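Okay, here's what each chain looks like letter by letter:
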Amino acid sequence: EELAQWTELLEHVERSYEEADTERYLLNHTLEKVSAEMQQLYETLQKNRETEIRRERDKLQAILTAIGDGLCTLDRQGYILQINSAGQNLLKVSESELVGMLVWEAFGAPFLLTDFLTLLQDQRSCRGEDASFQIQNQPPVPVSYTLTPMMVGQDISGAVLLFHDIHIQKQTEQILHRAKAEAEAAAAMKGAFLANMSHELRTPMNAVIGMIDLLQETSLDAEQRSFTDIVRISSQTLLTIINEILDFSKLEAGEMHLEEIPLNLFINFS
């Protein structure tokens, strides 16, 4: 009877070990399956993340390429990280020649160093309306520019330099300046001509009017006096026009002087 009990106990223990082995096998199998699923999920997330990063990078690159002005990104020390195609075309240089160089040395623009230090200290943009960039032995390029900080939270991680070609604007300003100077010279010549002509015309007109006055003091019949009156009035009208032309030329030349005449405001009505 005791042997039967021991036999039954051993069988029970053996069954317990077998069940434990089965459970351990199932647990290991489950863990392997879960690990494989976790690894697959991680790889999927990693691929999605890389795809999203690549998509955002391509979008940013497309924006940089589409910008018509030059754009250059800098790190916190002022070294060039990249420059868009518009900037390369404007400065006639390739990106590989500039990457890794300090921007104020690469662009031949020491004033950018001052702006960059101001940007780091004050965390604000710096602008220049009439500057020039020069790459090595290339001709200087007239530009206006804006240097803007790139912020990560409250810290500056670098800067963006945006610059615009003002060569056409400078040419236009020169043309307008030259046209203005020519117009002023022409106006001065016109004023001088009017002044001379007015003076030359007024002198003989005064003589004509004087001779008419003398003629009217002689013996004239009624018809002759009527004719001389018409001539005198017409001469005075013409002289008034000549004087007004002379005054106009003086105004343009800035030589018109006001005449001071005493005026009595107290009128005696008695």
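Coordinates for the structure precede this section.
A brief structural summary. (Residues numbered from 1 in each chain as written. Predicted model: local features only at pLDDT ≥ 70, side-chain atom pairs only at ≥ 80, totals over all residues. Heavy atoms only, no water.)

### Details of a nonpolar patch on the surface
In step 1: Together, Phe193, Met197 and Leu201 line one region of the surface with nonpolar side chains, adding up to about 280 Å² of accessible area.
In step 2: Looking at where Leu201 falls in the secondary structure, it is placed in helix H6 (residues 167-216).
In step 3: Relative accessible area serves as the criterion here: at 42%, Leu201 is assigned to the partly exposed category. (Patch = residues over 30% accessible without salt bridge, like charges linked within 9 Å, V, L, I, M, F, W, Y side chains within 5 Å. Areas by Shrake-Rupley, 256 points an atom, 1.4 Å probe, with all protein chains shown as cover. Salt bridge = Lys/Arg side-chain N within 4 Å of Asp/Glu carboxyl O. Helix = DSSP H or I, 4+ residues; strand = E, 2+ residues; numbered from the N terminus. Buried < 20%, exposed > 50% of the residue type's maximum accessible area, 1.4 Å probe, protein only.)

### Observations regarding the nonpolar core
In step 1: Core analysis: the largest hydrophobic core is formed by 28 residues, its most contacted members being Leu91, Phe107, Leu112, Phe133, Leu161 and Phe163.
In step 2: Of all elements in the fold, only strand S1 (70-75), strand S2 (80-83), helix H2 (85-91), helix H4 (103-106), helix H5 (111-122), strand S3 (126-133), strand S4 (141-152) and strand S5 (155-165) reach the threshold of two or more residues within this core.
In step 3: What Phe133 contacts, discounting residues up to four positions off in sequence, is Leu91, Phe107, Ala109, Phe111, Leu112, Pro139, Pro140, Val141, Val143, Tyr145, Leu161 and Phe163. (Core = buried A, V, L, I, M, F, W, Y, C linked by side-chain atoms within 4.5 Å. Contact = heavy atoms within 4.5 Å.)

### What about the pattern of salt bridges?
In step 1: According to the stated counting rule, one finds two salt bridges in the structure shown.
In step 2: Put simply, Asp122 and Arg124 hold a salt bridge, and the shortest N to O gap is 3.5 Å.
In step 3: Judged by relative accessible area, which is 43%, Arg124 ranks as partly exposed.
In step 4: With a shortest N-O distance of 2.4 Å, Asp213 and Arg232 are connected by a salt bridge. Of this pair, Asp213 sits in helix H6 while Arg232 sits in helix H7 (residues 222-253), placing them 19 residues apart in sequence.
In step 5: Note on Asp213: relative accessible area 26%, which makes it partly exposed.

### As for the side chain of Gln216
In step 1: Summarising the element assignment, Gln216 is placed in helix H6.
In step 2: A distance of 2.5 Å separates a polar atom in the side chain of Gln216 from a polar atom in the side chain of Asp229.
In step 3: Residues within four places of Gln216 in sequence aside, it is in contact with Arg225, Thr228, Asp229 and Arg232. (Polar contact = N/O pair within 3.5 Å; in protein donor to acceptor, adjacent residues only side chain to side chain.)

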